[in-house]
Amino acid sequence: MDIAATLDMERAREIMTEVVDRSAAVARRYSGTVEYNGDGVMAIFGAPTALEDHAFRACLAAVAIQEEIGRLAAEVSRRDGVALRLRVGVNSGRVIAGELGPGLPRYAATGETVGFAQRMESAAPPGGVLVSEATARLVEHVVQLAQPELVCIKGSDDPVLAHRVMGICQRDAQLGRPEASLVGRRREMAALDATLERARGRLGGVVNVVGPPGIGKTRLAREVAALAAGRGVSVYWGFCESHARDVPFHAVTRLLAAASGVAGLDSRAARAAVREQSPHADQQDLLLLDDLLGIADPNAPLPQMDPEVRRRRLTELVNSRALARAEPALFIIEDAHWIDTVSESMLADFLQVIPRTASTVLITSRPEYEGALLRVADAQTIALAPLGDSQIDALLTELLGSDPSVGELEALIAERAAGNPFFVEEMVRDLVQRGVLIGERGGYSCSADAADVTVPATVQAAIAARIDRLSAPARRTLNTASVIGVRFQAELLVALGIDVALQESLDTELIDLVGSAPNAEYAFAHPLIRAVAYESQLNAARAESHRRLADAIRERAAGSEDENAALIAEHLEAARQLREAYEWHMRAGTWSANRDLAAARVSWDRARRIADAVPDDDPDHLAMRIAPRTMLCATDWQAREVQDSRHRFEELRKLCNVAGDKVSLAIGMSALATELVYAGRSREGAELASEQMELLESIGDLTRSMALVPMAFVNWLCAGEFGEILRWSQTVVDLAAGDPGKGAGFGLGSPLAIALAWRGTARWWSGHPEWRQDLSDAVAMAQRSNAETLAGAVAWTYGFAMQYGVLRATDTIVGVGEEALRVAQRATSDRAMGLSGYTLAVALLNRDSAADRDRGLELMMQTRAIWLRKRGLFLIPVTDVWAAREAARLGDRDAAIPVMRRAVDQMHTAEDLFYGAWATGVLVETILSRGTRDDLTEARAATDRLFVRWVEDGSAMRAITLLRLRALLARAHGDDVTFRDLATRYLSMAESLGFEGHTDWARALV
Ligand SMILES: Nc1ncnc2c1ncn2[C@@H]1O[C@H](COP(=O)(O)OP(=O)(O)OP(=O)(O)O)[C@@H](O)[C@H]1O
Ligand SMILES: [Mg+2]
C-alpha cells in the first residue's frame, strides 16, 4: 500500500485502522484468531480451537476480506482519489502457537508456515488472494483455483507453486460458521459409509434420505460429503428449489454444471472443458449438452430433432460419461420435493446406470415427495427419525454449556423441539437475540426465570420471531431476497431497488455468505428460513419484488431471454402480471419444444391456465385461450404417454368456432386423431382425419399439415380408407415437389418419404402396378433422414407388405430392418424403436430358420411392451396374434387359438379392417389346420363376418384374400374340385399382381 506516501499522516492512519478493523472482523466471522503485525493482519484458523475445515475457512475469510476492502476502496477512491488495494496470502501447515509469555497477553503463531504465508501475501496480486500448494490441496474441492503459477519469493532461489483463488464453488453454507457436532445418526452414517465403499468397487448405489424439515437430511448429506472428500471422492451438489419447480432442467443443469466443472467458467472455456472430458462424444450430442448447460456457442445452431430423442441422447451422453468415469464420485441431489419434471425424468434415467459405476447418489427429500427418484430399483431409503432425548441433550449442552441457570430452559427447549435439531437451534438463537440467554455459544447463562420464558410453539414461529427482530432495512432485504430463492447475489438485490442490508442477517445466522467476488453470493441458512421470510410479507410487496426480479432477469439475459423465459414467466405470474406472464410462458414453450416436449407442455399448460382467467370482455381472451391449447393438442402424439385429450380438444373446438379460427382447430385435431387411433377407435379417427385435412386444405395451410399427416394415415389405414390414403399421400408428394425436407417438423424429417411409403401401400392394396417403386423410393429417402422417418418408412412399407404377403422376408429387408432398429436405438426413441422393431420382428417371424423366428418373437414382445407404455393399445392384439401364430406353428394350436380369437374379436369391435382382415386370415388358417367339425364352422363364420364388413371395394387385396380363404375352406370341406379351381386362380392372381408372399403360399397349396 502506498497510501502513506500520498495522503497526510492522519488520513492514512485512519484508513489503515479501518482496513485492519474490517479485515479482523471478517476473519473473526470465520472463526479466525486475529493478530496485528505492523501494517497488516494475520489470522489463524484452527488454533487455539481445532477446526477441521481451517483451510477452507481461511479461503472464505480471504475472499470476504477482499470484498469488504473493495467496498472501503470505493469510498476511499471517491473521497481521497487514491486506489486502495490489498494483497492476501494463505498457507497451511503446523504452527507454534500459544500465549506469548507473561506481559504479552495475546495469542500468536510463529514458525515456517507463518513465514511462508507472509511470502504468499507479498507475491499475491493487488486485490487478489494467493494460496500455497499446501492450502490448495486441502481446498481444491471447494474453492475455485486458477491453474498453478510459479512465483518468486524472498528467501528461496527457486520459484514455488501457488494458486490464485478465483471463487468459492460449493454451497457449503454452514461451513462458514461454527456448527454443532453431529449427534446420533451413527447407524445412518455407517450405512452410507458402506455404500461409499461399495461404490469404489464399481457397485454404485442410490440412497434416499427422507424426513421432515429440519430433521437433519442436509446435515447428513454434508457429513457424507466430508467423509467422501476425505477419501478423495469428488462431491457434486445439485439443488432443487421451490420457486423452480416449473422451470425445466433447473436441477439437472446445476448438477451437470458442477460435475463437469464448468460452473463459473465463461462459455468458451466451459465448452472446451466439456470437450476435453468427452473426447469421443458425438459432435451433435456435445452441442446439445452445451445448450443444456447454457454455454452454447451462439453461432453454432442447435441440432433440430424430436424433443424425446434429444432428451434420450442427452441422457445417454450423461450416462456414458458417468460409466466412463473411473474415479469415484458422490452426487448429492438436494430437496427432490422441489424437482422440475424434466430434471426428474433425466435423473431417473441417470440413476439406472449408477449401479455399474463407482458413484454414489444421495437424494434428500421431504416426506411429501413420492416421485420417480424414489422408485429406483435397489435404492436404499434412510428415513430420518427424530433425535432421541439423550442426543438432543448432547446438542443442547454443546450449544448452551452447562451453567446451572440454563438447566430448566434446556428441558423446556428439548420438550418443545420433539427431536428436531433445527428447532433446537432456532429456539436457542431466538433466546439469545431476546437477551434471555447471555454469553457466548457453549457458555450461556440464563438471565430470566425459566418459568417466565416462553418458547415459540413451532419452528416457523421461532424463525418469524427472529426475523421480526431485525431492523427494518435488514428485514426488507431479507424478505426481498426470499423472492429470489435460497441463494441470491447481493448485486441482484441492488437491482431490485432496495438498500441492501445483509450484515445483521449474517450476524444472526439467518443467512450465510457462500459465494465470492466478483458477485458476492449468499444463501438462507436453511430453506425454512427462506420460506418464513417469503410467507411473512404482504402480498403487494412480494408481488412488487417478483415484478422487479422478472425485469432484472430479463435485462441480464439480454440476448438469451428464451433460455430464461420459464423463470421470467414464473416471477411475472407471482407478480400477478398475468398478461406478460402468459407471453413468457408461451415463449418458454416454444423454446422448450425442441428440447423437451414435456417441459414445453408444462409451459403451455401454465399459459392456458392464465388465459382461462382472462375476463371474457377482454378482446384477446379467445386468442389467448386458443394458442396454448392448440400446441397441447398438436403435440399429444409426441407426449410420452398419450392421455385423454378429448376434453381439451372439445374446449379448443368451441373456442375456435367462436373465434372463427380454423387453422388452430385444424392443427389441434391431431390430438383427437391420435387418441382415437391409439384407443382403437379408428373409424371416428378416420372421419376426423378427413375433416382435418379438408380444413387445412380449405385454409390453404397445407405445407404445415405435411408433418401432421402420419396420424391421419394410420387412422385411415385401420378404417380401411385407402382412397383417402391415396389422395392425401399424392397431395403431400405434389407439395413436396421432390424436396425430401419440405414441411419437416414435429420430429418428422421427411414428409415426402412418408407420403411415398403410404402411397406405395395404398397402391398395392388397390392393385395399382407402381407400388414397388414407391416402397423402395420411400425407404431410400428415409435412409438419409432421421430415425423417426426411417422407422416409419420401413414399417409402413416393408412391415405392411410382408404382413400382407406382398413381399417376401428377404435378406435385404431383414438388413434394412436391422439398420432402422439400430438407428432408432441410437436415437433412443420409443416410437422409432416400436416401429422398426415391429418390422424386423415381422420379417424374422416369416423366415424358415428357427433361430430367426425366436429372435422375431422376442422382438415382437419388446415392441408390445413399448406400445403398452405409450398406450398404443390398438397394436396390442396385433402383437398377440403374431405371438400366437408362432406358438401354433410350433405345435401349440390349442393355446394359440383362443388368443387369436380374442384378438380378432377385439379388432372386429374396434372396426379395425386392416389388422382385422390379416388376423382373421391367420385365425382361419390355424383353426382349419386343426380341422375339427366345430373348427370348420368357426372358420366359415369368421370369414363371413370379415367379408360382411369388408364390402366390395374393387381392391386387389380384398379379392386375393377372399380367394385364398375360400380355397382353404374348400379344401377343409373336402370339396376338391372347387379347391383346385380356387387355388389355381389364387396363384395366377398372386403372380400377376407380383405379390411374392401370396405367390409362395399359393404354390404351397397347388
Ligand atoms: N444429528 C445432528 N446433530 C447435530 N445437528 C444436527 C443434526 N441433524 C441436524 N442438525 C442441525 O439441524 C439443522 C437442520 O438440519 P438440516 O438442514 O439438515 O435439515 P433438513 O432435514 O435438511 O431440513 P429441510 O427439509 O428443511 O431441508 C442444521 O443446522 C443441522 O446442522
Ligand atoms: Mg435440507
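Given the structure is predicted, the values throughout are model-derived calculations rather than measurements.

A. Representation of the overall build of the protein within the structure. Tallying secondary structure elements over the protein gives 44 helices and 19 strands in all. Principal axes of the C-alpha set define a box for the protein whose edges measure 130 × 70 × 60 Å. For the protein, buried positions account for 56% of its 1006 residues. Here the analysis covers contacts within the protein between residues at least 6 apart in sequence; of these, 68% occur between residues at least 24 apart. Taken as a whole, the protein presents about 41800 Å² of accessible surface, with 51% of it coming from carbon and sulfur. Here the protein contributes 111 positively and 137 negatively charged side chains, and the mean placements of these two sets differ by 3 Å.

B. Spatial organisation of the sheet that holds strand β10 (residues 205-210). Across the sheet, which stays open at both edges, the 5 strands sit in the order β11-β12-β13-β10-β14 with parallel pairing between neighbours. In the strand order of this sheet, the two ends are held by β11 (234-239) and β14 (380-383), each with one partner. Averaged over all adjacent pairs, the angle separating strand axes in this sheet is 20°, with direction ignored. Running over the sheet, helix α6 (residues 186-200) touches β10, β12 (329-334), β13 (359-365) and β14 and is turned about 160° from β14.

C. Examining the sheet that holds strand β19 (residues 521-524) more closely. Pairing is antiparallel across the open sheet formed by 3 strands, whose spatial order is β17-β19-β18. Looking at strand neighbours, the two that pair on one side only are β17 (487-489) and β18 (511-513), the edges of this open sheet. Between one strand axis and the next, the sheet turns by 30° as a mean value, whatever way the strands run. In the sheet, β18 pairs with β19 via 3 bridges, with the strands oriented antiparallel. Bridge pairing in β19 links Asp-512 to Ala-523.

D. Local environment of the packing of helix α27 (residues 662-678) against helix α28 (residues 682-699). It is at 9 Å that the axes of α27 and α28 come closest, and there the two elements cross at 160°. When the axis of α27 is compared with that of α28, the two are roughly antiparallel. Pair α27 / α28 crosses with left-handed handedness. Facing α27, whose interface residues are Lys-662, Val-663, Leu-665, Ala-666, Ile-667, Met-669, Ser-670, Leu-672, Ala-673, Leu-676 and Val-677, α28 presents Ser-682, Glu-684, Gly-685, Leu-688, Glu-691, Gln-692, Leu-695, Leu-696 and Ile-699. Residue classes in the contact of α27 with α28 are distributed as 13 nonpolar, 4 polar and 3 charged.

E. Quick peek at the site of ligand 1. Near ligand 1 there are 23 residues, and of these Gly-214, Lys-217, Thr-218, Glu-425 and His-526 occur at the shortest range. Interatomic distance of 3.3 Å between a backbone N/O atom of Ile-215 and an oxygen atom of ligand 1. One nitrogen or oxygen atom from the side chain of Thr-218 is found 2.7 Å from an oxygen atom belonging to ligand 1. Relative to its unbound accessible area of 620 Å², ligand 1 is 98% covered by the protein chains. Among the elements of the structure, α7 (217-230) and α15 (421-433) are those that each provide at least two residues to the shell around ligand 1. When grouped by side-chain class, the residues that make up the shell around ligand 1 number 10 nonpolar, 5 polar and 8 charged.

F. Up close: the nonpolar core. Within the largest apolar cluster, 144 residues are counted, with the highest numbers of intra-cluster contacts made by Trp-764 and Tyr-915. In this structure, Val-139, Ile-498, Phe-524 and Leu-567 belong to the second largest nonpolar core, which totals 116 residues.

G. Representation of the packing of aromatic side chains in the model. In the structure shown here, the tally under the stated rule is 24 aromatic pairs. With 6.3 Å between their ring centres and 45° between their planes, Trp-764 and Trp-765 make a pair best called tilted. Among the residues examined, Trp-765 registers a relative accessible area of 1% and is labelled buried. Taking the centre distance of 4.9 Å and the plane angle of 40° together, the rings of Tyr-804 and Phe-914 count as tilted. Linking Tyr-804 in the loop between α34 (787-803) and α35 (811-827) with Phe-914 in helix α40 (residues 913-930), this pair joins segments that are 110 residues apart in sequence. Here Tyr-804 falls in the buried class, since its relative accessible area comes to 4%. Directly above the ring of Tyr-534 sits Arg-530, whose terminal nitrogen or CZ lies 5.3 Å from the centroid. The ring centre of Tyr-534 lies 4.5 Å from the NZ or CZ of Arg-542, which sits over that ring.

H. The arrangement of the pattern of salt bridges in detail. Here the structure, examined in full by the defined rule, presents 61 salt bridges. Two residues, Arg-22 and Glu-18, come together in a salt bridge whose shortest N-O distance is 3.0 Å. Here Arg-22 pairs with Glu-18, and both are found in helix α2 (residues 9-29), just 4 residues apart, close to one helical turn. The partly exposed category is assigned to Glu-18, whose relative accessible area is 31%. Notably, a salt bridge pairs Asp-282 with Arg-313, separated by 3.6 Å at the nearest N-O pair. Note that Asp-282 is positioned in the loop between α9 (267-277) and α10 (283-293) and Arg-313 in helix α11 (residues 307-324), a separation of 31 residues in sequence. Of the residues examined, Asp-282 reaches a relative accessible area of 39% and is grouped as partly exposed. If you follow the salt bridges from partner to partner, you end up with Glu-544, Arg-547, Arg-548, Asp-551, Arg-554 and Glu-580 in one network.

I. Inspection of helix α36 (residues 830-845) at higher detail. Helix length check: α36 (16 residues) gives 22 Å between terminal C-alpha atoms against 22 Å at 1.5 Å per residue, within 8%. Among the 16 residues that make up α36, 16 are buried, leaving the element largely enclosed by the rest of the structure.

J. Structural view of the side chain of Thr-477. Inspection of the secondary structure puts Thr-477 in helix α17 (residues 472-484). Looking at Thr-477, the relative accessible area reads 0%, which means it is buried. A distance of 2.7 Å separates a polar atom in the side chain of Thr-477 from the backbone oxygen of Pro-473. A distance of 3.0 Å separates a polar atom in the side chain of Thr-477 from the backbone nitrogen of Ala-501. Look past the residues within four positions of Thr-477 in its chain and what remains in contact with it is Leu-493, Ile-498, Asp-499, Val-500, Ala-501 and Leu-502.

K. Summary view of the state of the cysteines. Inspection of every chain in the model, using the stated rule, returns 0 disulfides. In this model Cys-633 remains outside any disulfide bridge; the closest cysteine sulfur is found in Cys-656, 8.8 Å from its own. What makes Cys-633 buried here is its relative accessible area of 0%.

L. How the structure looks around α17. In this model, α17 (13 residues) spans 19 Å end to end at C-alpha, consistent with the 18 Å of a helix rising 1.5 Å per residue. All of the buried residues along α17 are Ala-474, Thr-477, Leu-478, Asn-479, Thr-480, Ala-481, Ser-482, Val-483 and Ile-484. Looking one or two residues beyond α17, the residue adopting positive phi is Gly-485, at roughly 145°.

M. Region of interest: the packing of helix α30 (residues 709-719) against helix α31 (residues 722-736). At a minimum axis distance of 8 Å, the contact between α30 and α31 shows a crossing angle of 160°. Here α30 is positioned roughly antiparallel relative to α31, judged by the angle of their axes. Regarding α30 and α31, the two cross each other, and that crossing is left-handed. Judged by residue contacts, Val-709, Phe-713, Trp-716 and Leu-717 of α30 engage Phe-722, Glu-724, Ile-725, Trp-728, Ser-729 and Val-732 from α31. When the residues that make up the contact of α30 with α31 are grouped by side-chain class, the tally is 8 nonpolar, 1 polar and 1 charged.

N. Geometry of unusual backbone geometry. Positioned with a positive phi, Arg-576 is a non-glycine residue whose angle comes to about 60°. Among the secondary structure elements, Arg-576 is positioned in the loop between α22 (565-574) and α23 (578-593). Overall, the relative accessible area of 58% leaves Arg-576 in the exposed class. For Ala-737, which is not glycine, the phi torsion reads 45° and is therefore positive. Tracing the chain through its elements places Ala-737 in the loop between α31 and α32 (751-766).

O. View of the pairing of strand β6 (residues 129-132). Every second residue of β6 is oriented toward a common face, with Val-129 and Val-131 on one face and Leu-130 and Ser-132 on the other, all of them buried. One ladder, built from 3 bridges, connects strand β3 (residues 88-90) with β6; its direction is parallel. Looking across to β6, one finds that Gly-89 is bridged to Leu-130.

P. Spatial organisation of the environment of Asp-848. As for its position among the elements, Asp-848 is in the loop between α36 and α37 (850-869). The class for Asp-848 is exposed, based on a relative accessible area of 70%. On a C-alpha basis, the gap between Asp-848 and Ala-809 in space is 9.8 Å, while along the polypeptide they are 39 residues apart. Non-local contacts of Asp-848, meaning those with residues more than four positions away in its chain, are made with Arg-853 and Arg-889.

Q. Main features of empty space enclosed by the protein. Per the counting criterion, the structure on display carries 6 cavities of 30 Å³ or more. The computed volume of the second largest cavity comes to approximately 100 Å³. Breaking the lining of the second largest cavity down by element, the ones donating at least two residues are α39 (893-909), α40 and α41 (933-949). Of the residues belonging to the lining of the second largest cavity, the class tally is 6 nonpolar, 3 polar and 3 charged.

R. Region of the structure containing the side chain of Ser-545. Looking at where Ser-545 falls in the secondary structure, it is placed in helix α21 (residues 539-556). Discounting chain neighbours no more than four positions away, the residues touching Ser-545 are Thr-480, Val-483 and Leu-496.

Rules of the game
- Residues numbered from 1 in each chain as written.
- Chains lettered and ligands numbered in written order.
- Predicted model: local features only at pLDDT ≥ 70, side-chain atom pairs only at ≥ 80, totals over all residues.
- Heavy atoms only, no water.
- Helix = DSSP H or I, 4+ residues; strand = E, 2+ residues; numbered from the N terminus.
- Buried < 20%, exposed > 50% of the residue type's maximum accessible area, 1.4 Å probe, protein only.
- Contact = heavy atoms within 4.5 Å.
- Areas by Shrake-Rupley, 256 points an atom, 1.4 Å probe, with all protein chains shown as cover.
- Lys, Arg positive; Asp, Glu negative; His and termini not counted.
- Charge placed at Lys NZ, Arg CZ, Asp CG, Glu CD.
- Pairing = 2+ DSSP bridges.
- Axes fitted to C-alpha atoms, helices over the stretch in contact; angles between N-to-C directions.
- Parallel < 35°, antiparallel > 145°, perpendicular 65-115°, else oblique.
- Left-handed = near helix turned anticlockwise from the far one by under 90°.
- Nonpolar A, V, L, I, M, F, W, Y, C, P; charged D, E, K, R; others polar.
- Near = heavy atom within 4 Å.
- Polar contact = N/O pair within 3.5 Å; in protein donor to acceptor, adjacent residues only side chain to side chain.
- Core = buried A, V, L, I, M, F, W, Y, C linked by side-chain atoms within 4.5 Å.
- Phe/Tyr/Trp six-rings, centres within 6.5 Å; stacked < 30°, edge-to-face > 60°.
- Lys NZ or Arg CZ within 6 Å of the ring centre and 35° of its normal.
- Salt bridge = Lys/Arg side-chain N within 4 Å of Asp/Glu carboxyl O.
- Expected span 1.5 Å × (residues − 1).
- Disulfide = S-S within 2.5 Å.
- 1 Å grid on protein atoms, 1.4 Å probe; cavity = no way out; pocket = protein on both sides within 12 Å on 5 of 7 lines; lining within 4 Å.
- Points joined across faces, edges and corners; volume = space filled by probe spheres on them.

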